[in-house]
Amino acid sequence: MSVKQPVLLFTTEEHGSSIRALFNKCEDEEPTILLIKTTSDKVFGAYLSTNWGERSNVDGKFYFGTGECFVFTLKPTENKYGWVGIHGDGSTRSASLFMRTEGDSIAIGGGGMDSIYLYNGLEKGMTGQSLTFDNPPLCETDFICQVVEVIGLMDHI
């Protein structure tokens, strides 16, 4: 068994709210954890099994990632929402919409709404029920980001 050590790869507090800066810091790292704290003090995010560099291998609005991805809430309550395909009921394409980037936005989960959608750099977002994770909104539907962070999980040497 390998023990993974968490490493802060990106934080808006230090690196600003540019999605390009996030990609530059996290491009080849996997897995990563995306954490969002809103101005209303909600904390939620996603475990992302595929490196952000995979976005270069798809065109336009196509998704990438694997069924190891999941979304979660930490504050005010702790909940985990895994891929619905893992339970055998993910037969439609919309159940495999894990990660997407386009222009100045990032989306996690899809079909119906995105579980997490960050836009306007990393300053604003929306959340809703996605078919990928069958999650309720992870906080208020429209939110303002106070802090966005990406944590990498590195092999312990």
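The paragraphs below set out a description of the structure included in this document. The model shown is predicted, which means the values in this text are computed figures rather than measured ones.

The rules behind each value
- Residues numbered from 1 in each chain as written.
- Predicted model: local features only at pLDDT ≥ 70, side-chain atom pairs only at ≥ 80, totals over all residues.
- Heavy atoms only, no water.
- Core = buried A, V, L, I, M, F, W, Y, C linked by side-chain atoms within 4.5 Å.
- Buried < 20%, exposed > 50% of the residue type's maximum accessible area, 1.4 Å probe, protein only.
- Helix = DSSP H or I, 4+ residues; strand = E, 2+ residues; numbered from the N terminus.
- Contact = heavy atoms within 4.5 Å.
- Pairing = 2+ DSSP bridges.
- Salt bridge = Lys/Arg side-chain N within 4 Å of Asp/Glu carboxyl O.
- Phe/Tyr/Trp six-rings, centres within 6.5 Å; stacked < 30°, edge-to-face > 60°.
- Lys NZ or Arg CZ within 6 Å of the ring centre and 35° of its normal.

**Description of the nonpolar core**
Here's step 1: Counting residues in each nonpolar core, the largest one holds 31 residues, and the members touching the most others are Leu22, Ile36, Trp52, Ile108, Ile116 and Leu118.
Here's step 2: Broken down by secondary-structure element, the contributors of at least two residues to this core are β1 (4-11), α2 (19-26), β2 (32-38), β3 (43-48), β7 (105-108), β8 (116-119) and β10 (142-155).
Here's step 3: Apart from the residues lying within four places of it in its own chain, the contact partners of Ile108 are Leu34, Ala46, Leu48, Trp52, Val71, Phe98, Met99, Asp114, Ser115, Ile116 and Phe133.
Here's step 4: Counting seven residues, the second largest nonpolar core, distinct from the first, contains Ile33, Leu35, Tyr47 and Phe70.

**Focus: the pairing of β7**
Here's step 1: Burial along β7 is two-sided: Ser105 and Ala107 and Ile106 and Ile108, pointing in opposite directions, are all buried.
Here's step 2: Where strand β6 (residues 99-102) meets β7, four bridges bridge the pair, whose relative direction is antiparallel. Bridging across to β7, Arg100 finds its partner in Ala107.
Here's step 3: The turn joining β6 and β7, which pair antiparallel and follow one another in sequence, is formed by two residues; a positive phi near 55° is taken by Gly103.
Here's step 4: Across three bridges, the pairing between β7 and β8 is antiparallel. Bridge pairing in β8 links Ile108 to Ile116.

**Structural notes on the pattern of salt bridges**
Where charged atoms from two side chains of opposite charge approach closely, those side chains can pair.
Here's step 1: On inspection of all chains with the given rule, the structure shows four salt bridges.
Here's step 2: The residue Lys42 makes a salt bridge to Glu140 at a minimum N-O spacing of 3.7 Å. Note that Lys42 is positioned in the loop between β2 and β3 and Glu140 in the loop between β9 (124-126) and β10, a separation of 98 residues in sequence.
Here's step 3: With relative accessibility at 28%, the residue Glu140 sits in the partly exposed group.
Here's step 4: Within the structure, one salt-bridge network assembled from shared partners comprises Lys37, Asp41 and Lys75.

**Examining the side chain of Thr12**
Here's step 1: As for its position among the elements, Thr12 is in helix α1 (residues 12-15).
Here's step 2: A relative accessible area of 17% means that Thr12 is categorised as buried.
Here's step 3: Once residues within four sequence positions are removed from consideration, Thr12 is found in contact with Ser17, Leu122, Gln146, Val147 and Val148.

**Section: the packing of aromatic side chains**
Here's step 1: In total, this model carries six aromatic pairs according to the counting rule given.
Here's step 2: Centroid distance Phe44 to Phe143: 5.2 Å. Interplanar angle 85°. Geometry classified as edge-to-face. Remark: Phe143 occurs in strand β10 and Phe44 occurs in strand β3; sequence separation between them is 99 residues. The two residues Phe44 and Phe143 agree in class, both being buried.
Here's step 3: One aromatic cluster is present, formed by Tyr47, Phe70 and Phe72 through successive ring pairs.
Here's step 4: Stacked on the ring of Phe70, the Lys or Arg Lys80 has its end atom at 4.6 Å from the ring centre.

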